Amino acid sequence: MSRLLTQIYLFEEIFAALQDAFPDEEFSVEDKPMDDTFLTLAPDRVRPVVELLMEQFDIYHLSTITGDDVGDGVRLLYHFWSGYGITLSILLPYDDLRIPTLTDLIPGAAFYEREVQEMLGVTFEGLETPGPMFLPDDWEEGDGPVRFPLRRNADEKG
Amino acid sequence: MSKITVPIGPQHPLLKEPLAFSLTLEGEHVIESAMRLGYVHRGLERLSQERTYVQNVHLFERVCGICSHIHSTTFCQGVEALSGLEVPPRGLYLRALLCELERIHSHLLWLGVQARNIGFDTIFMYAWRDREIILDIMEDLSGGRVSHAVNIIGGVRIDLTPEHRDVILGQLDTLETQIEALLGVVENESSFQGRTRNIGTLSLEQIRRYCVVGPVARASGLDMDLRRDMPYPPYDQLKFRVPVRYEGDAWARTLVRMLEMVESVHLCRQILTTLPDGPTSARAKRRVPPGEVVSRAEAPRGEVIYYIRSDGSDKPARVKVRTPTLTNLITLPDQLQNISMADVSVVISGVDLCIACADR
């Protein structure tokens with residue numbers, strides 16, 4: 001087995017620990033094809049849950065963060081991996097596109113967060129952004145429709 | 001001592017693709033570095049939402065100009081899982097054959113670039129000469145040297161005759177001899193070691209903090225390879241070793257890639273000799289049932305991940321691509337810290353950059 005992890009925990013163990021730590025939170029769990037489990041959380045739960053995953057289960061490998069404009073808000077998917085996939089799913093409403101950064105826990109998250117910030121306009125609080133990453137330096141400023149290219153309304157002419 | 005700032009890129013002889021560095025030097029040593037991506041950003045994720053699944057197979061093959069096949073493999077794998085489509089074993093084996101050939105091709109190309117950057121042009125010439133064997137095999141198999149268009153949703157479009165298989169087995173024997181000769185040079189040649197040992201060293205702790213993948217991670221002692229740790233078919237049927245080194249420097253990265261090539265030759269031989277009979281593809285429906293999937297595979301540079309969400313139509317609602325280069329790039333500021341200006345080229349090419357991949 002991989003020396004990446006000292007031990008691979010069953011998802012059931014992880015889920016039981018999460019429920020112990022957050023007894024009043026109702027996590028919704030969905031199994032997806034190709035060995036991945038999606039866990040839906042409230043935005044303010046992301047940091048404590050990631051801290052728990054890292055401390056108790058040594059899950060530190062964040063594969064990437066997907067930002068997806070689903071029509072009723074922007075959905076963020078934190079894809080973790082530890083022998084199988086664990087994805088944290090968070091829905092941010094359009095009028096409050098803010099979430100705390102994970103870069104102090106996982107420095108490797110910086111590029112993924114910067115990408116989501118640039119493409120979808122989600123603000124990661126506490127993230128350092130030294131200029132744009134993929135978009136040109138003179139990309140449209142302000143809140144025009146093409147400001148964030150992966151938003152649903154990005155094609156509308158402003 | 002006064003500081004000077006040296007720009008490298010976006011167009012620079014050291015870089016084969018556009019990427020910009022700004023290095024602040026104090027005397028000969030780098031004390032600060034900044035990096036800018038985005039010069040080949042093509043908006044592929046957005047474009048994929050306007051294309052059908054069938055068209056997207058060809059679109060995602062163009063994410064990368066070196067490891068093109070692994071991208072369409074990962075995409076097809078995800079779509080097949082969403083559709084509940086079973087790919088015939090022969091199709092899976094032929095897919096994996098191309099993946100392994102591509103791994104050798106990518107590592108040989110990289111070895112040439114790295115050797116050129118450290119001023120060892122002989123290795124560059126030999127590595128690229130041997131790479132031609134791989135390109136010939138791939139051209140005979142698919143008709144393309146780099147873009148193969150072999151994958152279709154449900155399998156592969158190519159097949160192999162027993163005669164052709166024997167020809168490839170012969171070519172692999174030649175290749176193995178050449179790779180072992182190159183491995184001997186990398187392992188023992190003092191001038192090669194002088195330029196790569198203890199340069200750009202990354203500790204296991206740094207690798208874990210930055211979520212680094214692929215040969216860069218395996219050269220620092222992180223034993224992770226999705227082919228073995230999350231075996232997607234047909235790798236669950238194949239036997240191979242995963243080379244790991246613990247030095248964490250540019251030399252270890254070279255060795256890991258060289259040893260991986262030897263393993264890949266063994267894997268190709270194993271695939272060719274145990275190739276199951278039967279059809280090479282299953283018929284796929286044009287529309288994909290609603291759902292979402294995270295598809296992972298081990299590219300030559302490490303873990304590649306595709307997130308695909310389907311809304312039930314013939315076009316994906318969202319495809320997210322994360323290539324290994326983007327992950328490995330984040331370690332460069334740490335690696336460049338306090339090294340001599342002369343070693344910058346070795347460090348930058350040591351992580352095996354593919355900027356088109358990182359930008360998408």
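Residues numbered from 1 in each chain as written. Chains lettered and ligands numbered in written order. Predicted model: local features only at pLDDT ≥ 70, side-chain atom pairs only at ≥ 80, totals over all residues.

S.K.: Is there a simple way to explain helix α4 (residues 89-117) of chain B in this structure?
M.R.: One turn of the α-helix equals 3.6 residues, which is why residues spaced by three or four share an orientation. All names here are of chain B. Over its 29 residues, α4 extends 42 Å from the first C-alpha to the last, a length consistent with the 42 Å expected when each residue adds 1.5 Å. Here α4 lies mainly inside the structure; 26 of its 29 residues are buried. Looking one or two residues beyond α4, the residue adopting positive phi is Gly-119, at roughly 85°. (Helix = DSSP H or I, 4+ residues; strand = E, 2+ residues; numbered from the N terminus. Expected span 1.5 Å × (residues − 1). Buried ≥ 20, exposed ≤ 12 C-beta atoms within 10 Å, placed from the backbone.)

S.K.: Looking at this structure, how should I read the packing of helix α6 (residues 162-188) of chain B against helix α11 (residues 250-273) of chain B?
M.R.: When two helices pack together, their arrangement is given by the angle between the helix axes and the distance between those axes. All names here are of chain B. Contact pair α6 / α11: the axes reach a minimum separation of 10 Å and the direction vectors enclose 165°. On the basis of their axis angle, the class for α6 and α11 is roughly antiparallel. Considering only the axes of α6 and α11, their crossing is left-handed. The residues of α11 that touch α6, namely those facing Arg-165, Ile-168, Leu-169, Leu-172, Leu-175, Glu-176, Ile-179, Leu-182, Leu-183, Val-186 and Glu-187, are Thr-254, Leu-255, Met-258, Met-261, Val-262, Val-265, Cys-268, Arg-269 and Leu-272. Among the residues forming the contact of α6 with α11, the class breakdown is 15 nonpolar, one polar and four charged. (Axes fitted to C-alpha atoms, helices over the stretch in contact; angles between N-to-C directions. Parallel < 35°, antiparallel > 145°, perpendicular 65-115°, else oblique. Left-handed = near helix turned anticlockwise from the far one by under 90°. Contact = placed C-beta atoms within 7 Å. Nonpolar A, V, L, I, M, F, W, Y, C, P; charged D, E, K, R; others polar.)

S.K.: Whenever I open this one, the interface of chain B and chain A confuses me. Can you help?
M.R.: Size of an interface, as often reported, equals the accessible area lost when the parts are brought together. On the chain A side, the residues contacting the 33 residues of chain B number 33 residues. Secondary structure elements with two or more residues in the side of chain B that touches chain A: α1 (44-48), α3 (68-83), α8 (204-209), β6 (291-299), β7 (302-310), β8 (316-322) and α12 (324-329) of chain B. Partitioned by chemical class, the residues of the side of chain B that touches chain A number 15 nonpolar, five polar and 13 charged.

S.K.: Is there a simple way to think about the packing of helix α2 (residues 53-61) of chain B against α3 of chain B in this case?
M.R.: Residue and element names in this part refer to chain B. Here α2 crosses α3 at 150°, and the two axes come no closer than 7 Å. Viewed along their axes, α2 and α3 adopt a mutual orientation that is roughly antiparallel. Note on packing geometry: the crossing formed by α2 with α3 is right-handed. Facing α2, whose interface residues are Tyr-53, Asn-56, Val-57, Phe-60 and Glu-61, α3 presents Ser-68, His-71, Ser-72, Phe-75, Cys-76 and Val-79.

S.K.: I tried to follow the sheet that holds strand β3 (residues 61-69) of chain A on my own but got confused; where do I start?
M.R.: Strand pairing in a sheet relies on backbone hydrogen bonds. The paired strands run either parallel or antiparallel. Residues and elements named next belong to chain A. With mixed pairing, the five strands of this open sheet are ordered in space as β1-β2-β5-β4-β3. Two strands lie at the open edges of the sheet, namely β1 (28-32) and β3, each paired on one side alone. Adjacent strand axes in the sheet meet at a mean angle of 20° when their direction is disregarded. Note that strand β2 (residues 36-41) and strand β5 (residues 85-92) share six bridges and pair parallel. Pairing of Leu-39 across the sheet is with Leu-88, part of β5. Contacts from helix α3 (residues 110-120) reach β3 and β4 (74-81), with the element oriented near 5° to β3. (Pairing = 2+ DSSP bridges.)

S.K.: Any chance you could explain the pairing of β2 of chain A here in plain terms?
M.R.: The two faces of the sheet receive side chains in turn, since in a regular strand these alternate between them. All names here are of chain A. Where β1 meets β2, five bridges bridge the pair, whose relative direction is antiparallel. From the neighbouring strand, Ser-28 faces β2, where its bridge partner is Thr-40. Joining the antiparallel neighbours β1 and β2 is a turn of three residues, in which Met-34 adopts a positive phi near 60°.

S.K.: Got a minute to help me understand the nonpolar core in this structure?
M.R.: It is characteristic of soluble globular proteins that their nonpolar side chains tend to be buried jointly. If you look at the biggest cluster of nonpolar residues, it comprises 142 residues, and the most contacted ones within it are Leu-76 and Val-122 of chain A together with Val-79, Leu-97, Leu-101, Val-347 and Cys-354 of chain B. It is α4 of chain B that contributes the most residues to this core, 13 residues altogether. Aside from chain neighbours lying at most four places away, what touches Val-122 of chain A is Gly-67, Val-74, Leu-76, Leu-92, Leu-97, Ile-99, Val-116 and Gln-117 of chain A. (Core = buried A, V, L, I, M, F, W, Y, C linked by C-beta atoms within 7 Å.)

S.K.: What am I meant to see in the environment of Gln-77 of chain B here?
M.R.: Residue and element names in this part refer to chain B. Positionally, Gln-77 belongs in helix α3. Look at Gln-77 and you get buried, because 25 C-beta atoms sit within 10 Å. In the structure, Gln-77 is positioned 220 residues away from Ala-297 in sequence and 9.1 Å away in space, judged by C-alpha atoms. Once residues lying within four places of it in the same chain are set aside, the contact partners of Gln-77 are Tyr-232, Ser-295 and Ala-297.

S.K.: Is there a simple way to explain unusual backbone geometry in this structure?
M.R.: A negative phi angle characterises most non-glycine residues, just as the trans form characterises most peptide bonds. In this chain, Pro-233 of chain B is followed by Pro-234 of chain B through a cis amide linkage whose omega measures 5°. Here Pro-234 of chain B is to be found in the loop between α10 (226-229) and α11. Although it is not a glycine, Met-34 of chain A adopts a positive phi angle of roughly 60°. Position of Met-34 of chain A relative to the elements: it lies in the loop between β1 and β2.

S.K.: Explain the confidence of the model for chain B here, please?
M.R.: Detailed reading of the predicted coordinates is not advisable wherever pLDDT falls low. All names here are of chain B. On average, residues of chain B score 89 in pLDDT, and 100% of them are at 70 or above. Looking at the elements of chain B, mean pLDDT is at its lowest for helix α15 (residues 355-359), recorded as 83, and at its highest for α11, recorded as 93. Note on the complex model: pTM 0.90, ipTM 0.87. (pLDDT = per-residue confidence, 0-100.)

S.K.: Can you walk me through the sheet that holds β7 of chain B in this structure?
M.R.: Residue and element names in this part refer to chain B. Sheet architecture is open: three strands sit in the order β6-β7-β8, paired in antiparallel fashion. Where the open sheet ends on each side, the last strands, each with one partner, are β6 and β8. Each neighbouring strand pair of the sheet contributes to a mean axis angle of 15°, computed without reference to strand direction. Relative to β8, β7 runs antiparallel, the two sharing six bridges. Looking across to β8, one finds that Ser-310 is bridged to Pro-316.

S.K.: How do you make sense of the environment of Leu-59 of chain B when you look at a structure like this?
M.R.: Residue and element names in this part refer to chain B. Checked against the element boundaries, Leu-59 lands in helix α2. Considering only alpha carbons, one finds Leu-59 and Arg-253, 194 residues apart in sequence, at a separation of 31 Å. Discounting residues that sit within four places of it in the chain, Leu-59 has contacts with Leu-44, Leu-47, Ser-48 and Arg-51.

S.K.: Help me understand α6 of chain B, please; the structure alone is not making it clear to me.
M.R.: Residue and element names in this part refer to chain B. For α6, built from 27 residues, the straight-helix expectation of 39 Å at 1.5 Å per residue is met to within 8% by its first-to-last C-alpha distance of 39 Å. Every buried residue of α6 is accounted for by Leu-172, Leu-175, Ile-179 and Val-186. If you follow the buried residues of α6, they end up packed against α5 (121-142), α7 (190-196) and α11.

S.K.: Help me understand the pairing of strand β2 (residues 20-26) of chain B, please; the structure alone is not making it clear to me.
M.R.: Residue and element names in this part refer to chain B. For strand β1 (residues 3-8) and β2, the ladder comprises six bridges, and the chain directions are antiparallel. Across the sheet, residue Ile-4 finds its bridge partner in β2, namely Leu-25. Inspection of the sheet shows β2 paired to strand β3 (residues 29-36) by seven bridges, in the antiparallel sense. Along β3, the bridge assignment pairs Leu-25 with Val-30. Hairpin connection between β2 and β3: a loop of two residues separates the two successive antiparallel strands, and Gly-27 in this loop has a positive phi of roughly 65°.

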